[in-house]
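In case you want the letters, here they are:
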Amino acid sequence: MPGPQELLVIAFVALLVFGPDRLPELARNAAKVIGRLRAEVSTSVDDLKRAAEAEGLDQEWREVSAELRGTRDELRRPLGITGPARKPADARMAPVPTHRADDRPPPIDSEAT
């Protein structure tokens, strides 16, 4: 950031180069450009913050999803439920299999009866 002496030198050079008639107009235009630049930077920073927040939520969603899958597997294991709870994402409406390994009927020995 330039100090007061540097600003005075810049103002003097600008006055010599552009003259006293055009200098106020150039200062107004420069102020407008700086204002627009600040607004754009502020908008970009807000967009980046939202994107970072969305990424954080996405990461949190993945963690919760993994924890729920682990809990589901832990609950299914003692019940003897086999197979995935759901088919891949392209078949989201597939029914959830509910068969257990011990639900099959025992073998029948026709000579024993």
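Values in this document were obtained by computation on a predicted structure and should not be read as measured data.

Visitor: So what exactly am I meant to see when it comes to the overall build of the protein chain here?
Guide: If you tally the helices and strands in the protein chain, you get one helix and zero strands. Per-residue burial for the protein chain yields a buried fraction of 4% across its 113 residues. Approximately 10,400 Å² of the protein chain is accessible, and the part contributed by carbon and sulfur atoms is 62%.

Visitor: What is the right way to look at the pattern of salt bridges in this model?
Guide: Should their charged atoms come close, side chains of opposite charge can pair. Scanning the entire structure with this criterion turns up four salt bridges. Note that Arg62 is salt-bridged to Asp58, the shortest N-O span being 2.2 Å. In this pair, Arg62 and Asp58 both sit in helix 1 (residues 4-79), four residues apart, roughly one turn of the helix. For Arg72, the salt bridge is made with Asp73, and the minimal N-O distance between the two is 3.2 Å. The exposure class of Arg72 is partly exposed, given its relative accessible area of 32%. The network of salt bridges with common partners includes Glu55, Asp58 and Arg62.

Visitor: It is not clear to me how helix 1 should be interpreted in this structure. Could you clarify?
Guide: Between its terminal C-alpha atoms helix 1 stretches only 79 Å, short of the 112 Å expected from 76 residues at 1.5 Å a residue. The sharpest bend along helix 1 measures roughly 110 degrees and falls at Gly19, with the proline Pro20 sitting one to four residues further on. Listed in full, the buried residues belonging to helix 1 are Ala14, Gly19 and Arg76. Within two residues after helix 1, Gly80 carries a phi angle of roughly 75 degrees, on the positive side.

Visitor: Help me understand a nonpolar patch on the surface, please; the structure alone is not making it clear to me.
Guide: A cluster of nonpolar residues, Val9, Phe12, Val13, Leu16, Val17 and Phe18, forms a patch on the protein surface that exposes about 600 Å² of accessible area. Considering the arrangement of structural elements, one finds Val13 in helix 1. Its relative accessible area of 43% is what places Val13 among the partly exposed residues.

Visitor: What am I meant to see in the environment of Leu15 here?
Guide: Structurally, the position occupied by Leu15 is in helix 1. Among the residues examined, Leu15 registers a relative accessible area of 38% and is labelled partly exposed. Dropping the residues within four chain positions of it, Leu15 is found in contact with Pro20 and Leu23.

Reading the values: the criteria
- Numbering of residues begins from 1 in every chain and follows the order in which that chain's sequence is written.
- For a predicted model such as this one, the threshold for reporting local features is a pLDDT of at least 70, and the threshold for listing and counting side-chain atom pairs is 80 or more; totals across whole chains, interfaces and linings nevertheless cover every residue.
- Calculated side-chain values reflect all of the structure's heavy atoms, with hydrogen atoms and water omitted.
- By the criteria applied, helices consist of DSSP H or I runs no shorter than four residues and strands consist of E runs no shorter than two, each listed in order from the N terminus.
- Note on classification: 1.4 Å probe, protein chains only; a residue is buried when its accessible area is under 20% of the maximum for its type, exposed when over 50%, partly exposed between these limits.
- Computed with a 1.4 Å probe, the accessible areas rest on the Shrake-Rupley method; for each residue, only the protein chains presented here act as cover.
- A pairing counts as a salt bridge when a side-chain nitrogen of Lys or Arg comes within 4 Å of a carboxyl oxygen of Asp or Glu.
- One less than the residue count of a helix, multiplied by 1.5 Å, gives the span that helix is expected to have.
- Values of bend correspond, residue by residue, to the angle between axes fitted over the seven residues ending at that residue and the seven starting there.
- Like charges are joined within 9 Å and nonpolar side chains (Val, Leu, Ile, Met, Phe, Trp, Tyr) within 5 Å, but only among residues with over 30% relative accessible area and no salt bridge; these make up the patches.
- Residues count as neighbours in contact if any of their non-hydrogen atoms are within 4.5 Å of one another.

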